[in-house]
Amino acid sequence: MKRGQAYRWGMGMAGLLAWRNLAHDRSRFVVTLVGISFAVVLIAMQLGLFLGFSDSATNVIRHTRADFWVVPKGSRNFEITMPLNERELYLARSVPGVAHAEALLVQFAIWKKPGGGDESVLLVGSDLNTGLAGPWDIVAGHLEDLRRPDTVMIDRLFAETLGVGALGTTVEIRGQRARVVGFTQGIRSFTTNPWVFASYRTAQHLTQFAESETNYVIGTFEPGADPLRVRDALARILPRTDVNLSEQFAARTRDYWMFATGAGASVLVSAVLGLLVGMVIVAQVLYATTVDHLPEFGTLRAMGAPRAFIYKVILSQAVISATLGHLPGITVSLLLAKASESGAALVLVPPSLAIGLFGVTLAMCVLASVISIRKAMDIDPAMVFQR
Amino acid sequence: MSEPALEARGLTLVYGSGETAVRALDGVDFQANAGEIQALMGPSGSGKTTLLMILGCLLHPTVGEVRVEGRLVAGLSNPALARLRLQRMGFIFQSYNLFPALTAEENIQVALELKGHDLAEAPALLELVRLGGRLHNFPRQLSGGEKQRVAIARALAGDPPILLADEPTAALDSINGRAVVKLLAQLAHEQGRAVVVVTHDPRVGDLADRIVHIEDGRIQC
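Residues numbered from 1 in each chain as written. Chains lettered and ligands numbered in written order. Predicted model: local features only at pLDDT ≥ 70, side-chain atom pairs only at ≥ 80, totals over all residues. Heavy atoms only, no water.

**Remarks on the sheet that holds strand β4 (residues 63-68) of chain B**
All names here are of chain B.
Part 1 of the argument: Pairing is antiparallel in the open sheet, where four strands are placed in the order β2-β1-β4-β5. Looking at the sheet topology across the chains shown, the edges are occupied by β2 (22-32) and β5 (71-72).
Part 2 of the argument: Sheet topology note: the strand β1 (residues 6-15)/β2 ladder contains seven bridges and is antiparallel. Its bridge partner being in β2, Leu 11 is matched across the sheet by Val 28. (Pairing = 2+ DSSP bridges. Helix = DSSP H or I, 4+ residues; strand = E, 2+ residues; numbered from the N terminus.)

What follows is the structure, given as structure tokens:
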């Protein structure tokens, strides 16, 4: 970095001195940047996993075009639910402000692989005529193919797990034969049980669910209807159920998987640990850099440099380290996130996380430099005459 | 007659207390005037550097007072003392105390920026100490004499009326030592600065307007 650049960046001589102090000992500077990058990758991976889990936990709910969900009383998540009497569907349709309502079936089932062996899957049966729910991101086959009896779609990510090599493979679900007629791409579940999509009738047949029962009633509001008032009206007429707006049910499901089970909390704890490890690494390196340059800080103080100048030097060291450490760290994180798209566990590093992590890295480095500032300010300026 | 640049009256500095107390300075009076170079001489541990530190507002005396250009420094806060040092004094150290990661020009520019002066003055200051061709050299690329001349140029940044030097020739060979001494005398005589030099070097004594001998914390007549 030439001095002119330092000025253009508004760093002044304090910034230049900070940069040169860091770059003067190249091997230590590389260790600093590796340490910060490592912390960034650690935090990005943990938070990315958290976002990935969160996304997987609610993706089916978020991809329905329903405005409301009627769920069995006390249901805390989408996957594990009790039966709902189909009567609730007809009652829901009678509520003013409800434009449309339909049943949705979600059941765990045993999938017998063609080559032998069982897998537990989550079967989703929806009304194909309305398109309110059902598979998305179809990469092989067509939604219309599910209209044929006993046909299902699975995600490519789980094709090998489920023993499906190609479209047309015949499998057994709960002892009933079914044929795979399509693949989706990238639809994961929080429980890691593969989603299996089918028409409502097929799902009812494969799970041998009673015709009078279902799992959910989903629907849309009439244009102009007040969502909260219609929801409350539904709740009054369906007292044995819980009625949620779509985003409420997604939040409820996410909160259950991420926090009630402790899975998300453990990921967040790992992220915090990553932050702490990063801070310790950065604090150590910045402290060592400051200690190495103590005589220079002593000289500055003897010359009469104001405290602000010395703060600026050390904080500039922190900001430079954070900026240069964040770049490789976030690059590696984005590459790992890209690689995770073909795996069962999704790591999501959206731009907001990448930018937010820069703020975290900056805060981490600045906090870590506080100890160094204290050390530099504790120097007796008279020390420069005692060498 | 104008105020002395530096004036000290009855300076006493005692380290420790009781039986272990050490009297580093004992009733020292001192005066430095503009346009004069003074040499503080005496054996090691006699109190020369202690006196320089007190004159430079880096150490508070146990008893006595210091005036800088007539202004009493007792009672000034640490930031006010730092401002006084920054604006009115330039320091030259035995070990040069340059910033090793900065070039000669940048070392001077740090001082210029701290004193609120134009950074473009740095080349002229280096020219003054006859190092105009060494602007972009780092301290490791300079000889001991050159480093000390850069340190003098840095001390001159902001045009301070007082220069305080601690053993500026101790680490230099005779040729470089003589050049530094001549430069310091020139800065006093030609530019009207008050220069105080702590030294063992008799060459400084030869060029000094006044030699102050200190022994056991007392000025010897």
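**Concerning the environment of Tyr200(A)**
Part 1 of the argument: Within the secondary structure, Tyr200(A) sits in helix α5 (residues 200-207).
Part 2 of the argument: Sequence separation between Tyr200(A) and Val60(A) is 140 residues, and the spatial gap between their C-alpha atoms is 15 Å.

**Looking at the pairing of strand β6 (residues 151-155) of chain A**
Residues and elements named next belong to chain A.
Part 1 of the argument: Among the five residues of β6, five are classified as buried, and the element is accordingly described as predominantly covered.
Part 2 of the argument: Sheet topology note: the β6/strand β8 (residues 176-184) ladder contains five bridges and is parallel. For Thr 151, the partnering residue across the bridge sits in β8 and is Arg 179. (Buried < 20%, exposed > 50% of the residue type's maximum accessible area, 1.4 Å probe, protein only.)

**A look at the side chain of Ser46(B)**
All names here are of chain B.
Part 1 of the argument: Looking at the secondary structure, you find Ser 46 in the loop between β3 (37-41) and α1 (48-55).
Part 2 of the argument: By relative accessible area, Ser 46 is classed as buried at 2%.
Part 3 of the argument: Within the structure, the side chain of Ser 46 is placed 2.7 Å from the backbone oxygen of Pro 43, a separation counted as a polar contact.
Part 4 of the argument: Residues contacting Ser 46, with those up to four places away along its chain left out, are Ala 24, Ile 214, Glu 215, Asp 216 and Gly 217. (Polar contact = N/O pair within 3.5 Å; in protein donor to acceptor, adjacent residues only side chain to side chain. Contact = heavy atoms within 4.5 Å.)

**Let's talk about the sheet that holds strand β6 (residues 89-92) of chain B**
Residues and elements named next belong to chain B.
Part 1 of the argument: Read across the open sheet, the six strands follow the order β6-β7-β8-β3-β9-β10; overall the sheet is mixed. Each having just a single partner strand, β6 and β10 (218-220) make up the two edges of the open sheet. On average, each strand axis in the sheet is tilted by 25° relative to the strand beside it, whichever way the strands run.
Part 2 of the argument: Here strand β9 (residues 210-215) pairs with β10 via three bridges, running antiparallel. (Axes fitted to C-alpha atoms, helices over the stretch in contact; angles between N-to-C directions.)

**Quick notes on the confidence of the model for chain B**
Part 1 of the argument: Scored by pLDDT, chain B comes out at a mean of 93, with 99% of its residues at no less than 70.
Part 2 of the argument: Two summary scores accompany this predicted model of the complex, namely pTM at 0.77 and ipTM at 0.92. (pLDDT = per-residue confidence, 0-100.)

**Topic: the pairing of strand β8 (residues 194-198) of chain B**
All names here are of chain B.
Part 1 of the argument: Burial of β8 is extensive: five of the five residues sit out of reach of the surface.
Part 2 of the argument: In this structure, β3 lies alongside β8, joined through four bridges in parallel fashion. Among the inter-strand pairings, Ile 37 is bridged to a residue of β8, identified as Val 195.
Part 3 of the argument: Here strand β7 (residues 162-166) runs beside β8; their pairing, made up of five bridges, is parallel. Counterpart to Ala 165 in the pairing with β8 is Val 197.
Part 4 of the argument: Handedness of the crossover joining β7 and β8 through helix α6 (residues 174-189): right-handed. (Right-handed = clockwise from strand over helix to strand, strands pointing away.)

**As for the packing of aromatic side chains**
The description of two aromatic rings rests on the distance between their centres and on the angle between their planes.
Part 1 of the argument: In total, this model carries 15 aromatic pairs over all chains according to the counting rule given.
Part 2 of the argument: Measuring from centroid to centroid gives 5.4 Å for Phe68(A) and Phe221(A), while their planes differ by 25°, and the two rings are stacked. Taken together, the residues Phe68(A) in strand β1 (residues 68-72) and Phe221(A) in strand β11 (residues 216-221) connect sequence positions 153 residues apart. Like Phe68(A), the residue Phe221(A) is buried in the burial classification.
Part 3 of the argument: Seen in terms of ring centroids, Trp69(A) and Tyr216(A) are 5.4 Å apart; in terms of plane orientation they differ by 80°. Their pairing is edge-to-face. On the criterion of sequence distance, the pair formed by Trp69(A) in strand β1 and Tyr216(A) in strand β11 is long-range, its members being 147 residues apart.
Part 4 of the argument: The buried category is assigned to Tyr216(A), whose relative accessible area is 0%.
Part 5 of the argument: Pairwise contacts between aromatic rings join Trp69(A), Phe78(A), Trp195(A), Tyr216(A) and Phe249(A) into one cluster.
Part 6 of the argument: It is Arg140(B) that lies over the ring of Phe138(B); its NZ or CZ is 4.9 Å from the centre. (Phe/Tyr/Trp six-rings, centres within 6.5 Å; stacked < 30°, edge-to-face > 60°. Lys NZ or Arg CZ within 6 Å of the ring centre and 35° of its normal.)

**Some points on the side chain of Thr50(B)**
Part 1 of the argument: Examined against the element boundaries, Thr50(B) turns out to sit in helix α1.
Part 2 of the argument: Not counting chain neighbours up to four residues away, the residues in contact with Thr50(B) comprise Leu13(B), Tyr15(B), Ala24(B), Leu25(B) and Leu59(B).

**A few points about the interface of chain B and chain A**
Part 1 of the argument: Contacts between the two partners involve 29 residues from chain B, matched on the other side by 26 residues from chain A.
Part 2 of the argument: Interface area for chain B against chain A, summed over the two sides, is near 2500 Å², with a carbon-plus-sulfur share of 66%.
Part 3 of the argument: At the junction of chain B and chain A, the tally comes to one salt bridge.
Part 4 of the argument: Ionic pairing is found between Arg20(A) and Glu106(B), a salt bridge with its closest N-O pair at 2.5 Å.
Part 5 of the argument: Remark: the boundary between chain B and chain A carries seven residue pairs in polar contact (both at pLDDT 80 or more).
Part 6 of the argument: Among the secondary structure elements, those contributing two or more residues to the side of chain B that touches chain A are α1, α2 (78-88) and α3 (104-114) of chain B.
Part 7 of the argument: Residue contributions to the side of chain B that touches chain A peak at seven residues, all from α3(B).
Part 8 of the argument: Looking at the side of chain B that touches chain A, its residues break down into 17 nonpolar, five polar and seven charged. (Buried area = accessible area lost by both parts, 1.4 Å probe. Salt bridge = Lys/Arg side-chain N within 4 Å of Asp/Glu carboxyl O. Nonpolar A, V, L, I, M, F, W, Y, C, P; charged D, E, K, R; others polar.)

**Brief notes about the packing of helix α9 (residues 294-303) of chain A against helix α10 (residues 307-340) of chain A**
All names here are of chain A.
Part 1 of the argument: Axis separation between α9 and α10 bottoms out at 10 Å; the angle between their running directions is 155°. The pairing of α9 with α10 is recorded here as roughly antiparallel in orientation. Seen from above, α9 lies across α10 with right-handed handedness. Side by side, α9 and α10 meet where Phe 297, Leu 300 and Arg 301 of the first sit next to Arg 307, Phe 309, Ile 310, Val 313 and Ile 314 of the second.
Part 2 of the argument: By residue class, the composition of the contact of α9 with α10 is six nonpolar, no polar and two charged. (Parallel < 35°, antiparallel > 145°, perpendicular 65-115°, else oblique. Left-handed = near helix turned anticlockwise from the far one by under 90°.)

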